[in-house]
Amino acid sequence: MVGGRTGEEVDSIWPVAVLYPYSGRHMKVALINPGTDEKYAVQEPLNLGFLASHLLANGIGVTIIDELAGQDVARELGLYKPDIAGITATTPMAADAYRVAAMCKEMGIFTVMGGVHASVMPDEALKHVDVVVKGEGETALLDIIRDGIGNGIISRPYIKNIDTIPPPARHLLQMDFYVRSKSRIPHSYLYFVPEGAKTASVLTSRGCPYSCIYCHNTWRGMPTRYNSPERVISEIAGIKKEYGVETIFFIEDNLFVNKKRLRTICELMIEGNVDVLWGGNSRVDNLDRESIALAQRAGCRQITFGFESGSQRVLDLLKKKTTVAQNKLAIELCNEAGIIPQGTFIVGSPGETLEDVRLTMKFIEDSGIESAGVCIATPYPGTQLWDYAIEHNLMPETYTWSDFDYLNTPINLSPEIPKQELLKLIENVNILLAIRQMGRVNVLSAIRGIIKEPSKIFAILQSLVKNPSLVKNLAKRVIKQIFSSR
Ligand code: B12
Ligand code: SF4
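Everything in this summary refers to the structure shown in the same document. (Residues numbered from 1 in each chain as written. Chains lettered and ligands numbered in written order. Predicted model: local features only at pLDDT ≥ 70, side-chain atom pairs only at ≥ 80, totals over all residues.)

We now examine the overall build of the protein chain. Summing up its helical and strand segments, the protein chain has 20 helices and 16 strands in all. Per-residue burial for the protein chain yields a buried fraction of 46% across its 486 residues. Long-range contacts, defined here as pairs at least 24 residues apart, represent 74% of the contacts in the protein chain between residues at least 6 apart. (Helix = DSSP H or I, 4+ residues; strand = E, 2+ residues; numbered from the N terminus. Buried ≥ 20, exposed ≤ 12 C-beta atoms within 10 Å, placed from the backbone. Contact = placed C-beta atoms within 7 Å.)

Close contacts around ligand 1 come from 39 residues, with Gly86, Thr88, Thr91, Gly114 and Gly137 the closest. For the shell around ligand 1, the secondary-structure elements that each account for two or more residues are helix H1 (46-57), strand S4 (84-88), strand S5 (110-114), helix H4 (116-120) and helix H6 (138-147). Among the elements that line the shell around ligand 1, the one with the most residues is H1, at 4 residues. For the shell around ligand 1, the per-class residue count stands at 21 nonpolar, 13 polar and 5 charged. (Near = placed C-beta within 6 Å. Nonpolar A, V, L, I, M, F, W, Y, C, P; charged D, E, K, R; others polar.)

Our next topic: the sheet that holds strand S6 (residues 131-134). The parallel open sheet is built from 6 strands, whose spatial order is S3-S2-S4-S5-S6-S7. Each edge of the sheet is formed by a strand with only one pairing partner; in this case those strands are strand S3 (61-66) and strand S7 (152-155). Shown here is a sheet whose adjacent strand axes are inclined to one another by a mean of 25 degrees, direction ignored. With 2 bridges joining them, S5 and S6 adopt parallel strand pairing. (Pairing = 2+ DSSP bridges. Axes fitted to C-alpha atoms, helices over the stretch in contact; angles between N-to-C directions.)

Although it is not a glycine, aspartate 275 sits at a positive phi angle of roughly 55 degrees. Summarising the element assignment, aspartate 275 is placed in the loop between helix H11 (259-271) and strand S13 (277-282). Exposure remark for aspartate 275: the 11 C-beta atoms within 10 Å place this residue in the exposed category.

Here we take up the pairing of S4. Burial analysis of S4 places 5 of its 5 residues in the buried class, which makes it a mostly covered element. The side-chain alternation of S4 yields two buried faces, one formed by Ile84, Gly86 and Thr88 and the other by Ala85 and Ile87. As paired elements, strand S2 (residues 28-33) and S4 share 4 bridges and run parallel to each other. Within S4, the position partnered with valine 29 by the bridge is isoleucine 84. Pairing geometry for S4 and S5, over 5 bridges, is parallel. Opposite glycine 86, over in S5, you have valine 112 as the bridge partner. Assessed by its sense of winding, the connection that carries the chain from S4 through helix H3 (residues 94-106) to S5 is right-handed. (Right-handed = clockwise from strand over helix to strand, strands pointing away.)

This paragraph deals with the site of ligand 2. Contacts to ligand 2 come from Cys208, Tyr210, Ser211, Cys212, Cys215, Asn217, Asp253, Asn254, Arg283 and Gly306. Residue classes in the shell around ligand 2 are distributed as 4 nonpolar, 4 polar and 2 charged.

Here we take up the sheet that holds strand S14 (residues 300-308). In spatial order, the strands read S9-S12-S13-S14-S15-S16; together these 6 strands make up an open sheet with parallel pairing. Two strands bound the open sheet, and with one partner strand each, they are strand S9 (199-202) and strand S16 (372-376). Each neighbouring strand pair of the sheet contributes to a mean axis angle of 20 degrees, computed without reference to strand direction. Strand direction decides the pairing type here: S14 and strand S15 (residues 340-347), joined by 6 bridges, are parallel. Within S15, the position partnered with glutamine 302 by the bridge is isoleucine 340.

Structurally, the position occupied by leucine 354 is in helix H15 (residues 354-367). For leucine 354, a count of 15 C-beta atoms within 10 Å puts it in the partly exposed group. On a C-alpha basis, the gap between leucine 354 and leucine 425 in space is 10.0 Å, while along the polypeptide they are 71 residues apart. Once residues within four sequence positions are removed from consideration, leucine 354 is found in contact with Ile417 and Glu421.

In a pair of packed helices, the angle between the axes and the distance between the axes together describe the arrangement. Across the interface, H1 lies against H6 with an axial gap of 9 Å and an inter-helix angle of 50 degrees. The orientation of H1 relative to H6 falls into the category oblique. Note on packing geometry: the crossing formed by H1 with H6 is right-handed. Counting all contacts with H1, which are made through Phe50, Leu51, His54 and Leu55, the residues of H6 involved are Glu138, Leu141 and Leu142. In the contact of H1 with H6, the residues fall into 5 nonpolar, 1 polar and 1 charged. (Parallel < 35°, antiparallel > 145°, perpendicular 65-115°, else oblique. Left-handed = near helix turned anticlockwise from the far one by under 90°.)

What follows is about the pairing of S16. Only one face of S16 is buried: it carries Ala372, Val374 and Ile376, and the other face, with Gly373 and Cys375, is open. Looking at chain direction, S15 and S16 are connected through 5 bridges and run parallel. Bridge assignment links phenylalanine 345 to a residue of S16, and that residue is valine 374. In this fold, the crossover linking S15 to S16 by way of H15 has right-handed handedness.

Here H15 spans 20 Å end to end across 14 residues, near enough to the 20 Å set by a 1.5 Å rise per residue. When H15 is considered as a whole, its buried residues turn out to be Asp356, Val357, Thr360, Phe363, Ile364 and Glu365. In this fold, the buried residues of H15 make contact with helix H13 (312-317), helix H14 (324-337), S15, S16 and helix H17 (419-438). In the stretch just after H15, glycine 368 is the one whose phi turns positive, near 75 degrees. (Expected span 1.5 Å × (residues − 1).)

Structure below.
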């Protein structure tokens, strides 16, 4: 485990600590979401929202500055004049986080960094900031302020009852920007969100009981913890009222893992007529016909699965503990219930052969799914894949964190398959998916999309020739669309 003491448990001190017995009560904190590439700004940074709500509940002044949402960090810092800047970062955003940290230091602001990247690369992060937090940040950040911790790497036990953390301080997030996510980034995984509909995200659990070798949950060392169904319903009702959203995505890793809780949430949604369309992430083996039907009645319209592969050998290599047959069944159950099955696949895992990759591509072709993302196996620091890359001398001499974005990884974990070959296969499958999606989106906007990228026309034609059933389905959908728009 890389994350130090991240595996201990503690009951949160909220709301008891509203007594402010410490000098830190007058401190002002600016939490910063760094980055300039809008493709990363699909959903609001709820992690900073949680940190902010926890600080507010403890009497600390706080604001959130979201560079990804277009805010000018220097300007906002100048206006708010914080004592402390708390910067978050995932691995691909590390360079942006360090740039922002340097800017804060220049302005004489005390700097703290947390988040996934700082948690697994604390020594690197410490070269850029005063204090690094490993693991969950709520208790740690408060302790830094209260106890005046001036430098070093700190870690605090995980919060046992996450209902004790107030809902994210959405009033400090750029909600106007994020509710329009679907219009800004039409091809994100928010496939179920109708064009023009407002959307928001919620996080109602933390952790996952499995340990796939590419996932952050392997180093977090934390058990899965859940918000109570009642808290979930009241949070959703509040977001709907405050921001007028019609759709919600549950961003946690594994919404369906606790069936009993999910069933209660669905029943409360139906009884309370919560009236929201929603989607969430699940493993393929956490579902059954009955829960899917109930979820659909409660408004579920998309389930995003980590399918990962069409090759059983690779699923086993990844320690996914699922089967290709379960992948297939999950898609069938969703289709039956009127829920969009969406998902991600990984190619280029250690030991994977070109034949395995082809099995995945064939799985996507045969399954008929419309929306999927195919990534190249990326060894994020802290994961078992990272250890594998080091043990097998696969690390290049130099690399840039911004390349750890699912397609550009500088570390080739399956050296026997040339990266160009992987990228070509991914491109082909993306074209297939783009054609499948054409039936759903407005015909004119789809044609406009193709004209914008004329280089793809030949590949699209090639794919259509190779898949006659696709042509038939597409033609049916387009005709239906033309008639229904009259
Ligand atoms: C929702 C989500 C997204 C959303 C929103 C991201 C966001 N900024 O919140 C979207 C869709 C935009 C997204 C995009 C991406 N994501 Co993402 N995402 C997630 C997901 C599923 C949940 C994040 C979350 O809210 N977690 C719950 C909160 C409570 O945990 P947390 O984020 O770790 O925050 C706690 C601590 O880390 C700490 N902390 C965090 N920041 C700070 C700052 C300070 C100052 C302090 C003191 C503490 C602190 O305190 C927080 C509260 O306890 C995670 C997986 C997961 N379950 O965490 C992946 C995850 C974070 N994503 C990941 C990746 C790779 C990406 C992308 C690069 C994917 C891509 N190629 O597009 C981009 C990068 C975007 C970005 N801004 O960095 C990886 C990161 C791996 C890594 N080493 O960096 C994760 C871990 C999933 C995985 N593959 O393992 N993502
Ligand atoms: S099931 Fe999903 S969230 Fe859980 S460890 Fe595996 S990849 Fe991570």
